[in-house]
Amino acid sequence: MKILGASQLAELDQFSIDRQNISSWDLMERASRLAFMRLKSILPKPPCKVYILAGPGNNGGDGLAIANFLILEGVDVEVILVNFTEKRSEDNQRNLHRLKDAKVKITDFNTASKLSKITSEDVVIDAIFGVGLNRSMPDFVQDLIQYINSVSPLSISIDVPSGMFLDRIPTANEQVFQSDFTYTFQTPKLSLFLPDYGNSVGHLDIIDIGLDKEFLNSLSSNLTYVDSKAAKKLYRLRSRFSHKGTYGHAVLVGGSHLMLGSIILAAKSCMRSGVGKTSVMMPNKAHLTMIQQQPEVMLIENPSSNFISYQSLEFEPDSVGIGVGIGTSTKAFEALKSWLVNSKSPLVIDADALNLIANHKSLLDFIPKKSILTPHPGELKRLIGEWKDDFDKLKKIKSFSKELNVIVVAKEAFSLCVYKDQIHVNSTGNSGMATAGSGDVLTGLITGLLAQKYSSMESAILGMFLHGLAGDLALKLMSEESLIASDLIDQLGHSF
């Protein structure tokens, strides 16, 4: 699913209106009705009071239309007109007249107004500013949003939370409406997935409002939201007439005397990826444990009992994943450098391998092109340096990717797969996956996919989607607090 900018969204709206031979008001009515249908399912049982904060533009028009649908359902509604300008859009005016005819309670709110009647038991629908916000909101609007946030009612934003920009992060003095639910129309917006806006979005629902699909597909965008439809396009069905050699031979290099669990988790995950064979180079002292944990894995002799090393293989692997649990010792550095220098194909690089690269920048020159790096936020910061905000972070990741010709999977609540100017935002996953070993599972999974002749980009995108989906499936059986990395491996089969 494409992620579009504000001007493209406006263009898509207008084209759809012309192609479908409808008015802009008809489209607003359609979108608002669909949002209302979602809203009905989360409203508290009557009696409940719903306040709708409506700006003078088309986002406010959506809010006024939703007010009309709620009134027809018998809900107690009060509309608060947030008048930051005297001008109203034509469709906004039409919906306002309809509400006045229905004798709805309407309160004007401006620079001289104060609002103190909303409580935590109420419902507030935010329709003040939409995707077109391009400058700071007026002070009295910011004060209003600050007040609502402090009261913490059940809060719903229409399209985007008011105060959210599509191209920058707000300053410390700029308020953003904090939503429990956000109903966004037709396509996702990048800001909805960025950590800097994390407290403002709540549960995200992307509502298809029937805009023209053909025109949408024709619009160019370097931003993609990876949902199940996008993932299915990457997935390849297995042939009935195939054998283990068909699906590649993956090699995992990892572990040290104090971090042996990480390589075991990665190996288990790799074996669940569909790969034909998995070989592991790890400290000799854990060989028996690996065989007991995963008897299908093959072991590569390693001269060290406690650390990894480098040695040439008697076969040409289809993929190599390196870094989990290797530590940052001199021996680990020497081994990593040898693997980088002698690798002819892209690698999957994670964990301590990333920390060693960050500490020894000379290693950057040896990373094979199209390798996949999978840093968590701390590892990413060590690689690319500090960033001012999420947009600056994305700029730095793209620059890093271009300079080295590598793919970066930045692990977050919504993980990002970045290759040069392309950004793919993952739709799966949950906070239960913020647990030790989760990244090791991802490394094994991506390495296994890469061995099966998925491209580096395909392996990274499909891997992060399946990994997050496994977490979501595991969550159905337990809580976010109790989820552990092994649970993800148990659900990989169901993910596929």
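For the structure itself, consult the block above.
Residues numbered from 1 in each chain as written. Predicted model: local features only at pLDDT ≥ 70, side-chain atom pairs only at ≥ 80, totals over all residues. Heavy atoms only, no water.

(A) Structural view of the pairing of strand β17 (residues 422-426). The element β17 is extensively covered by neighbouring structure, given that four of its five residues are classed as buried. Sheet topology places strand β8 (residues 223-226) next to β17; four bridges connect them, and they run parallel. Looking at β17, one finds that valine 226 is bridged to asparagine 426. Pairing geometry for strand β16 (residues 416-419) and β17, over four bridges, is antiparallel. The residue of β17 that forms the bridge with cysteine 417 is histidine 424. In textbook terms, the turn of a hairpin is the stretch between consecutive antiparallel strands, and for β16 and β17 this stretch comprises two residues, one of which, lysine 420, has a positive phi near 55 degrees. (Buried < 20%, exposed > 50% of the residue type's maximum accessible area, 1.4 Å probe, protein only. Helix = DSSP H or I, 4+ residues; strand = E, 2+ residues; numbered from the N terminus. Pairing = 2+ DSSP bridges.)

(B) Quick peek at the packing of aromatic side chains. Within the structure shown, the criterion is met by eight aromatic pairs. With a centroid separation of 4.2 Å and an interplanar angle of 20 degrees, the aromatic rings of phenylalanine 84 and phenylalanine 129 are classed as stacked. A residue pair is termed long-range when its members are at least 10 positions apart, and phenylalanine 84 in the loop between β2 (76-82) and α4 (90-101) and phenylalanine 129 in the loop between β4 (123-127) and α5 (139-151) qualify at 45 residues. Where tyrosine 235 meets phenylalanine 496, the ring centres are 6.3 Å apart and the plane angle is 50 degrees; that geometry is what we call tilted. (Phe/Tyr/Trp six-rings, centres within 6.5 Å; stacked < 30°, edge-to-face > 60°.)

(C) Inspection of the environment of threonine 246 at higher detail. Mapped onto the fold, threonine 246 is located in the loop between α8 (228-234) and β9 (249-253). A sequence separation of 30 residues divides threonine 246 from glycine 276, and the C-alpha atoms of the two residues are 6.9 Å apart.

(D) Inspection of a nonpolar patch on the surface at higher detail. Judged by side-chain polarity, Tyr235, Leu237 and Phe496 come together as a nonpolar surface patch covering roughly 320 Å² of accessible area. On the secondary structure map, leucine 237 appears in the loop between α8 and β9. (Patch = residues over 30% accessible without salt bridge, like charges linked within 9 Å, V, L, I, M, F, W, Y side chains within 5 Å. Areas by Shrake-Rupley, 256 points an atom, 1.4 Å probe, with all protein chains shown as cover. Salt bridge = Lys/Arg side-chain N within 4 Å of Asp/Glu carboxyl O.)

(E) Region of interest: the packing of helix α9 (residues 261-271) against helix α15 (residues 438-451). One can describe the packing of α9 onto α15 by two numbers: an axis separation of 7 Å at closest approach and a directional angle of 40 degrees. Comparing the axis directions of α9 and α15 gives the class oblique. Between α9 and α15 the crossing geometry is right-handed. Across the interface between the two elements, Ser262, Leu265, Ala266, Ser269 and Cys270 from α9 touch Asp440, Val441, Gly444, Leu445 and Gly448 from α15. Residue composition of the contact of α9 with α15, grouped by class: five nonpolar, four polar and one charged. (Axes fitted to C-alpha atoms, helices over the stretch in contact; angles between N-to-C directions. Parallel < 35°, antiparallel > 145°, perpendicular 65-115°, else oblique. Left-handed = near helix turned anticlockwise from the far one by under 90°. Contact = heavy atoms within 4.5 Å. Nonpolar A, V, L, I, M, F, W, Y, C, P; charged D, E, K, R; others polar.)

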